[in-house]
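Residues per chain, in single letters:
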Amino acid sequence: MVLAVKGTRDLFGTELQWFQWIESICHRCMQCHGYSEIRTPILEELEVFKRSVGESSDIINKEMYDFIDKGGRHVVMRPENTAGVVRAAIQHKFFETSDPKRLYYIGPMFRYERMQAGRYRQFWQIGAEIFGASTPETDAENLTLLFDFLNELGLKNLMLSINSVGTPESRPAFYSAFREFFDKAESQFCSDCHRRILENPLRVLDCKVPKCQVALEGHPIITDFLDEESCKHHERLKDLLTALHIPFAENSRLVRGLDYYTRTAFEVLSSDLGAQSALLGGGRYDGLVKQLGGPDVPGFGWAIGLDRLAMLMQTIHGDAQRNTPTILIPMGETAATKAIVLAKELWKAGIPIQLETRNVPLKKALQTANRQGFQLALILGDSEIEQGVLTAKDLTKGSQETWNLDTVAEKLKAILQLAYTD
Ligand code: AMP
């Protein structure tokens, strides 16, 4: 038997139903806030990520699915989508005017990660980006979209964790204070941090190794080194978040794994995920468009993992509802013709129903229906057709009643409506 490639998986059943539900809410929410969808290729030139994500990041260092294609191009299966969206926006001249652009995406990403629960080598992300506006109001608008989306998914116990990582101009002052601090406690940090302090000191703050987190006690705080504009931006954003009732907490160690963030960096924590777990992250990336060869256009955005979100939906809401709770079972050839015609009418009216198309005894058909989790079986035999009725059997309660054939659509609609308002 050939299995799916390690770290990848097939999506089906309940998990996929949650994916689809989340995606439908995402499309509605994004469009309501004026964001349009963009779909970029999975394969990008290596250059797109080298220039954006940053060579010191784990993504570039350890996790890239990259190869030389048959034409000798060095390509990457995208590990994230912001860089690809920026590449596409430059290529299609979205930035020819200075108007703000609001874009969102849904799709698979690839990272060669060490296997652990909830982390895959092919996983899905939803993301939203806004380009062309650098005000704190822009950050707040995009965060409101995020919180509206999460609330619509039924997530309530959320906390926004924020920091400001300043600008490339304001960072050197922090770096020198931080390097001085690091040098004094050098031996207490892991070998990765010794590399990071040279390549990108901010990433030391992000290190997940417990001894490094301890060694960081009393480290210089990046927000104490901000330039005046970044400082104003940060303070104003906090005021806006308060006005919007978005719960937030400052976290001076939050820097995010990617190199391109400027000013605001954030994560959203959900207590539904267990102790202090980050559901997603994002931030401002004012230099990224220019870094990728475009004009000097600011940007802000976030990406959320769909795999984790689907898992969370299952925990919060229980099993997804069957798309088709009803099965129509005909007995005999005449009934089979009548049933397929009736099913066609119901489908046309948008009423979900599944048809038993095998010619099997009623007992077997009902056993299958029970096993597959149907809630209602509509049974149609020759005698019922003569009387213009069918038998509606409630498979959860075991009770049954007789329905007139011309009221089936109406009755099913009423049942479905009740199920959706429960
Ligand atoms: P990042 O792009 O690293 O900021 O990740 C954003 C979100 O994507 C994370 O919060 C996760 O929910 C999700 N994510 C990142 N990597 C993986 C992975 N290997 N498997 C599943 N989800 C992931």
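Since the model is a prediction, treat every value here as computed from it, not as a measurement.

Conventions and cut-offs
Residues numbered from 1 in each chain as written. Predicted model: local features only at pLDDT ≥ 70, side-chain atom pairs only at ≥ 80, totals over all residues. Heavy atoms only, no water. Helix = DSSP H or I, 4+ residues; strand = E, 2+ residues; numbered from the N terminus. Buried < 20%, exposed > 50% of the residue type's maximum accessible area, 1.4 Å probe, protein only. Contact = heavy atoms within 4.5 Å. Areas by Shrake-Rupley, 256 points an atom, 1.4 Å probe, with all protein chains shown as cover. Lys, Arg positive; Asp, Glu negative; His and termini not counted. Charge placed at Lys NZ, Arg CZ, Asp CG, Glu CD. Axes fitted to C-alpha atoms, helices over the stretch in contact; angles between N-to-C directions. Left-handed = near helix turned anticlockwise from the far one by under 90°. Nonpolar A, V, L, I, M, F, W, Y, C, P; charged D, E, K, R; others polar. Salt bridge = Lys/Arg side-chain N within 4 Å of Asp/Glu carboxyl O. Expected span 1.5 Å × (residues − 1). Near = heavy atom within 4 Å. Polar contact = N/O pair within 3.5 Å; in protein donor to acceptor, adjacent residues only side chain to side chain. Pairing = 2+ DSSP bridges. Core = buried A, V, L, I, M, F, W, Y, C linked by side-chain atoms within 4.5 Å.

Enquirer: Could you give me a rundown of the overall build of the chain, with the residues and numbers involved?
Expert: Counting its regular elements, the chain contains 16 helices and 16 strands. In terms of overall dimensions, the chain has C-alpha extents of about 90 × 55 × 45 Å along its principal axes. Taken over 422 residues, the chain has a buried fraction of 50%. When contacts within the chain are restricted to residue pairs at least 6 apart in sequence, long-range pairs at least 24 apart make up 70% of them. Approximately 21000 Å² of the chain is accessible, and the part contributed by carbon and sulfur atoms is 52%. Distance from the positive charge centre (48 side chains) to the negative charge centre (55 side chains) of the chain: 4 Å.

Enquirer: How would you sum up the packing of helix α1 (residues 13-32) against helix α5 (residues 136-152)? Please name residues and give values.
Expert: At a closest axis distance of 10 Å, the pairing of α1 and α5 adopts a crossing angle of 145 degrees. The chirality of how α1 crosses α5 is right-handed. Taken together, the residues of α5 that come into contact with α1 (itself represented by Trp21, Ile22, Ile25, Cys26, Arg28, Cys29 and Met30) are Leu145, Asp148, Phe149 and Glu152. Its residues assigned to classes, the contact of α1 with α5 shows 8 nonpolar, no polar and 3 charged.

Enquirer: Tell me about the pattern of salt bridges, and name the residues and values.
Expert: This model, assessed by the stated rule, comprises 24 salt bridges. Between Lys208 and Asp206 there is a salt bridge whose closest N-O contact spans 3.3 Å. According to the relative accessible area criterion, Asp206 is buried, its value standing at 15%. Here Asp286 and Arg284 are joined by a salt bridge, their closest N and O atoms 2.7 Å apart. When its relative accessible area of 0% is taken as the criterion, Arg284 is described as buried. Beyond isolated ion pairs, a larger network of salt bridges with shared partners links Arg9, Glu15 and Asp307.

Enquirer: Could you give an account of α1, with specific residues and numbers?
Expert: Its 20 residues place the ends of α1 29 Å apart at the C-alpha level, agreeing with the 28 Å of an ideal helix rising 1.5 Å per residue. Looking at α1, one finds that the buried residues are Gln17, Trp18, Phe19, Ile22, Ile25, Cys26, Cys29 and Met30. Close packing links the buried residues of α1 with β5 (101-110), β6 (122-131), α5, β11 (299-305) and α12 (306-317). Taken from the residues just after α1, Gly34 is the one with a positive phi, measuring 85 degrees.

Enquirer: So what about the site of the ligand? Which residues, and what values?
Expert: For the ligand, the set of nearby residues contains 13 residues, the closest of which are Arg111, Glu113, Tyr120, Gln125 and Arg256. Within the side chain of Glu113, an N or O atom sits 2.7 Å from a nitrogen atom of the ligand. Leu279 is positioned such that a nitrogen or oxygen atom in its backbone is 3.3 Å from an oxygen atom of the ligand. Isolated, the ligand exposes 480 Å² of accessible area, and the fraction of that covered by the protein chains is 90%. Elements represented by at least two residues in the shell around the ligand include exactly β6, β10 (277-284) and β11. Each residue belonging to the shell around the ligand can be placed in one class, and the counts come to 5 nonpolar, 3 polar and 5 charged.

Enquirer: I'd like to hear about the pairing of β6, residue by residue, with values.
Expert: A large share of β6 lies buried, amounting to 10 of its 10 residues. Judged by which residues are buried, β6 turns out to be covered on both faces: Gln122, Trp124, Ile126, Ala128 and Ile130 on one side and Phe123, Gln125, Gly127, Glu129 and Phe131 on the other are all buried. Pairing analysis gives 10 bridges linking β5 to β6, with the strands arranged antiparallel. Bridge pairing links Lys101 to Phe131 in β6. Sheet analysis places β6 next to β11, joined by 7 bridges and oriented antiparallel. Bridge pairing in β11 places Gly127 opposite Ala303.

Enquirer: Account for unusual backbone geometry, with residues named and values stated.
Expert: You will see that Lys93, though not glycine, has its phi angle at about 60 degrees, which is positive. Structurally, the position occupied by Lys93 is in the loop between α4 (82-91) and β5. A positive phi angle, near 60 degrees, is found at His245, a position not held by glycine. Following the sequence through the fold, His245 ends up in the loop between α10 (228-243) and β8 (248-250).

Enquirer: Please provide a residue-by-residue account of the nonpolar core, values included.
Expert: The nonpolar side chains of a soluble globular protein tend to be buried, and buried together. Membership of the largest hydrophobic core comes to 51 residues, with the highest contact counts inside it found for Phe49, Phe131, Phe178, Phe189, Cys193, Leu202 and Val204. Here the element with the most residues in this core is α4; it accounts for 6 residues.

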